[in-house]
Each structure stands twice: as C-alpha cells, then as structure tokens.
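# Reading the structure
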Amino acid sequence: MEAQGQAGQAVDESTLRRAIAACAIGNATEWFDYATYGFLAATLGAVFFPSGNETVQLLSAFAVFALTFFVRPLGGVYFGPLGDRIGRQRVLATTILLMAGATFLIGLLPGYATIGILAPILLLLLRLVQGFSAGGEYGGASTFMVEYAPDERRGYYASWLEFGTLVGFSLGAGLVTFMTFILSQDAMISWGWRIPFLIALPLGIVGLYLRTRLEDTPGFRALENAGEVAEAPLQELFRSNWRDLLLCGGIVIIYNLANYTLLTYMPSYLSDSLGISDTAGLLLLFIAILVMLVVITFVGSFSDRVGRKPVLIGAMIGFVLLTYPAFLLISVGSWVSVMAGLLIFALLQVLLLGTLPATLPALFPTKERYSGFAISYNVSTAAFGGTAPFVATALVSATGNQFMPAFYVMAAALVSSIPIWLMAETAKRPLRGSVSLSAVPARAQR
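Just so you know, these numbers come straight off a predicted model, no measurement behind them. (Residues numbered from 1 in each chain as written. Predicted model: local features only at pLDDT ≥ 70, side-chain atom pairs only at ≥ 80, totals over all residues. Heavy atoms only, no water.)

### Overview of the overall build of the chain
We count it as follows: A run of H or I in DSSP becomes a helix once it reaches four residues, and a run of E becomes a strand once it reaches two; helices and strands are each numbered from the N terminus. Taken over C-alpha atoms, the radius of gyration is set against a globule rule of 2.2 Å times the number of residues to the power 0.38. We call a residue buried when its accessible area falls under 20% of the maximum for its residue type, exposed when it is over 50%, and partly exposed in between, using a 1.4 Å probe and counting protein chains only. Two residues qualify as a contact provided that any one of their heavy atoms is within 4.5 Å of a heavy atom in the partner residue. Accessible areas in this description were obtained via Shrake-Rupley with a 1.4 Å probe; residue shielding takes into account the shown protein chains only. Just so you know, the count uses Lys and Arg for positive and Asp and Glu for negative, and it drops His and the chain ends. A charged residue contributes its charge at one atom only: NZ of Lys, CZ of Arg, CG of Asp or CD of Glu.
Each helix and strand counted, the chain has 20 helices and 2 strands in total. Against the 2.2 N^0.38 benchmark of 22 Å for 446 residues, the chain shows a C-alpha radius of gyration of 21 Å, consistent with a compact globule. Each principal axis of the C-alpha atoms in the chain carries an extent, and together these give about 70 × 50 × 40 Å. Of all 446 residues assigned to the chain, the portion counted as buried reaches 58%. Within the chain, counting contacts between residues at least 6 apart in sequence, those at least 24 apart form 85% of the total. Of the roughly 17,000 Å² of accessible surface on the chain, 68% is carried by carbon and sulfur atoms. Charge separation in the chain, taken as the distance between the mean sites of 25 positive and 25 negative side-chain charges, equals 6 Å.

Set out below in structure tokens:
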C-alpha cells in the first residue's frame, strides 16, 4: 500500500512506519532523560552538590535542569537552518547521537566526593549539550514526519511523535520508581542512579540506526532536485515569515505550560501540596498517561477529518472552563477525585498532543520549515516550559492558594487562543511551499 507524500511522491507504508519509529524514538529518548533527571533530582543533589542541606541540594539539581532550557533556542538557531540547508535526516542523526551520548556520559560521571567541584561542572556541561541537541530534535522530527506523511493523514502520523513523548516519560519515571523500591538509599546514591542514564545509549543507537536507514523527506528532496534549497534560511525566515514565528510561539505557550504542569509539576504538587504519597501520586499519573496513550492517535485522526482549528479551539475552551474544576477535584485528595481531576486535565492535554505536531510545522514554508519551527518552538519552551514548575510553585508559595497553577494554565489558554484563531487551517491541504517532483525537470531528478 502506498500514500502520496508531500511532494507528490509515492511513499509505501513500510517507509512511513520506519519514519514514525525514527522520529518517535528521539522524543522518547528526550523525555526519558527528563523523567530520569526529574525523579532522581534529590539523589543527584546528594551526589553532585553535597552540602548537608537537602533543600539546597535539590535546588542545585533543579537549577542545572532549568539551565538546559535556556540553551535550547541556541540549538534551534543552529540546527534549524542547518536542516534547511543540508537536509533533515543528517541533522536528526546528529541530534539523537548528541542527546543519547550526553545522557550516557552523565551516568559515568564521578561524584563530588571523588573529583570535587569538577563533578557538578561536568554535569552542567553535559546537560547543556543535551539542551543544545534537544533544540534541534523536536522541530526536526516534526518536520521530518509531516513531510513524509500524506496530506489527508498528516494528523494521525504526526501524533505518534507525542506517543513517543509519553512512552519515554513513563519508562524513565517508572524505572526510577522501581529502583527506589528494590535498592536502599545508600545504593541509589552509590551506583543505582547511574543505570537509567546508561540505558539512554542503546535507545539512542536504535534511533540512530533507524534514522540513517531512511532517505531524506520527499519535500526536501524535491527542493534539492529543483535547486530551490534556501541558501540563507534565517534571513529569508525573518524577512518573510515573522508572522508565522509569532503564531507558532504563541500557540506553544499553552502546549508547554499544560505539558510540564502535568508531567513535571503534578507529582510534586500531589505530594507537597496535598500530602499524597509519592507512590500513589505516580500510580495515578501513570493511569492518566495510559489513557492518553490509548486516545492520542485517534485525536490525530479526528483532526484530519474535522480540521486542526476546531480541535485546538475546543481544547482552549476546555482549558479555560475545566482546569479549575480539575484542580478542585484533585484537591479533595481521595484516589477517586484525584484520578477524575487528572483525567480531565490529561484529556484536555491530549487534544494538543495529538494535533499540534501536524499543525505547527505546517505554518512554515518548506524552505524555512525546520528553522522556523525549531526557533519559535524552543524560544517559547525556554520561556514557558522549563519555568512552568518553578512559576507554579512560586505562585502557590507567594499566595498560599493551591489553585494558582490552574489559573496560570487558564491564562495561557486565553493567550494561545488568539494565534490559534488567526492561523490558517492546514488539514487535508498541501504543505506550504512544497515542490511537486513531477514539476521538476527530468534531468534534475535522481
């Protein structure tokens, strides 16, 4: 069975499946690392920032975590234009290698007790490499996937990217939780913390193998064969597509706030603000993620049928009207009420996860798609994604109101509804700036 790719070239189903796997495993590797680092933060604080004060140790570990987000835009500025000049496939092979390699090397680092101040310095450097490579990963993977997918099923195929996100987070968080059950605290500090980081290397090797086995996207190859590859994509991007940059960055605000609130902030909110045990909180969150995994590709298919804008506008209305009731249910503290609140929030979030991977890259023309998406996405992620747990915690601390995270998400939904309303519908339509291979002179085709 074959489908028509972006450039009018027949793409067989087996190639599409390999493209899905190659893209999704990069997302899974990235979020496996985020979950691993986040759930091991207290242990890493003891290993790399021993001070005798557990709060200082934890804050130091989270400070290193946050700094990686500030180099993501630099990665987007570097890898995005590179992907538009030399191709998506080669850049994506580089980003997954850097990301998995840096994560693996963290697992080999000596602690502070062995090499002193050099230990946290090396940890920070490797985390910065991770953040830099992540700056080119999601934008490139989304671009790669939408340029391979047929126009009429772009939402379905692209939704598998975020399927990888949820799987990677679940694997990382689940592995760390399992290890804390079977190992003592001393064993975790001594050597146990290394295991999840070391596992990243085989994940990365599988992803690298899959990515190097694929040709570049039909869209990029058509541009290349027609001699229309952008020589200065950044210059062209800011000259002609600044509106698309603003639209993408504005939409990503709610995506990041909701995503990091659910996956990164919620475990600490359940334990610190509501007094729910870590084990119970994580179990309930896993159930919510399982539901998201079941429905996410159906959301992608639904957006193919009814359009991206109706799904996204419905999600914004839902976030404004239902986020506070969801947090209210969670605050009751019983297993049933917490589960109900988490499911409401998770189902709202999956409307974004299942739709945006196909929506955001389509805002940009093919010649500057990687650059535009990578830059706007990562600037917004640095501003609103990495800071979401910190801001939510600070708002609760400053006001004493445990519902402030809900109001923060609701405000973000109101802001993001504006660019969603202003964007063009892209479902079932050819990607902007695509070049048909049939229109390329025969002598220029391979």
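Picking up where we left off.
### With respect to the packing of helix 5 (residues 88-108) against helix 10 (residues 194-212)
The condition is simple: Inter-axis angles, ranging from 0 to 180 degrees, are taken between N-to-C directions of lines fitted to C-alpha atoms, where helices are fitted over the stretch in contact. Here roughly perpendicular refers to angles of 65 to 115 degrees, roughly parallel to angles under 35, roughly antiparallel to angles over 145, and oblique to all remaining angles. Two helices cross in a left-handed way if the nearer one is turned anticlockwise from the farther one by less than a right angle. They cross in a right-handed way if the turn is clockwise. Each residue gets one of three labels, nonpolar for Ala, Val, Leu, Ile, Met, Phe, Trp, Tyr, Cys and Pro, charged for Asp, Glu, Lys and Arg, and polar for the others, Gly among them.
Interhelical geometry of helix 5 versus helix 10 gives an angle of 165° and a closest axis separation of 7 Å. Comparing their axes, helix 10 and helix 5 come out roughly antiparallel. Considering only the axes of helix 5 and helix 10, their crossing is left-handed. Taken together, the residues of helix 10 that come into contact with helix 5 (itself represented by Gln-89, Leu-92, Ala-93, Thr-95, Ile-96, Leu-97, Ala-100, Thr-103, Phe-104, Ile-106, Gly-107 and Leu-108) are Arg-194, Phe-197, Leu-198, Ala-200, Leu-201, Gly-204, Gly-207, Leu-208, Arg-211 and Thr-212. Considering only residue class, the contact of helix 5 with helix 10 consists of 13 nonpolar, 7 polar and 2 charged.

### Let's talk about the packing of helix 4 (residues 72-86) against helix 7 (residues 118-148)
Running from N to C, helix 4 and helix 7 point in directions that differ by 50°, and their axes come no closer than 7 Å. Relative to helix 7, the element helix 4 lies oblique. Here the hand of the crossing between helix 4 and helix 7 comes out right-handed. Across from Arg-72, Leu-74, Gly-75, Gly-76, Tyr-78 and Phe-79 in helix 4, the residues of helix 7 making contact are Gly-131, Phe-132, Ser-133, Ala-134, Gly-135 and Gly-136.

### Focus on the packing of aromatic side chains
Basically, it comes down to this: Centres within 6.5 Å are what make two rings of Phe, Tyr or Trp a pair, Trp counting through its six-membered ring; a difference in plane orientation under 30 degrees is then read as stacked, over 60 as edge-to-face, and the rest as tilted. By the criterion adopted, a ring carries a charge over it if an Arg CZ or a Lys NZ lies within 6 Å of its centre and within 35 degrees of its normal.
Summed over all chains, the structure comprises 20 aromatic pairs. Judged by centre distance (6.5 Å) and plane angle (65°), the ring pair of Trp-31 and Phe-169 falls under edge-to-face. Of this pair, Trp-31 sits in helix 1 (residues 13-39) while Phe-169 is found in helix 8 (residues 154-182), placing the two residues 138 residues apart along the sequence. The two residues Trp-31 and Phe-169 agree in class, both being buried. Ring centres 5.6 Å apart and planes at 10° place the aromatic pair Tyr-324 and Phe-407 in the stacked group. Linking Tyr-324 in helix 15 (residues 308-332) with Phe-407 in helix 20 (residues 404-422), this pair joins segments that are 83 residues apart in sequence. Judged by relative accessible area, Phe-407 falls into the partly exposed class, the value being 36%. Over the ring of Tyr-37 we find Arg-127, and its NZ or CZ is 4.3 Å from the ring centre.

### Thoughts on helix 9 (residues 185-192)
Spelled out, the test is: This arc is taken over the directions from the axis of the helix to the C-beta atoms.
If you check which residues of helix 9 are buried, you get Ala-187, Met-188 and Gly-192. Along the axis of helix 9, the buried residues cluster in a sector spanning 100°; they form a single face. Summarising the geometry of helix 9, the exposed residues directed more than 90 degrees from the buried face are Gln-185 and Asp-186. Buried residues along helix 9 sit in contact with helix 2 (41-48), helix 8 and helix 10.

### A short note on the side chain of Ser-337
Rules: Polar contact criterion, stated in full: a pair of N or O atoms within 3.5 Å, where within protein one must be able to donate a hydrogen and the other to accept it, and residues adjacent in sequence count only if both atoms are side-chain atoms.
Within the secondary structure, Ser-337 is located in helix 16 (residues 335-353). A polar contact of 3.1 Å, which involves the side chain of Ser-337, links it to the backbone oxygen of Leu-329. In contact with Ser-337, not counting residues within four places along its chain, are Leu-329, Ile-330 and Val-332.

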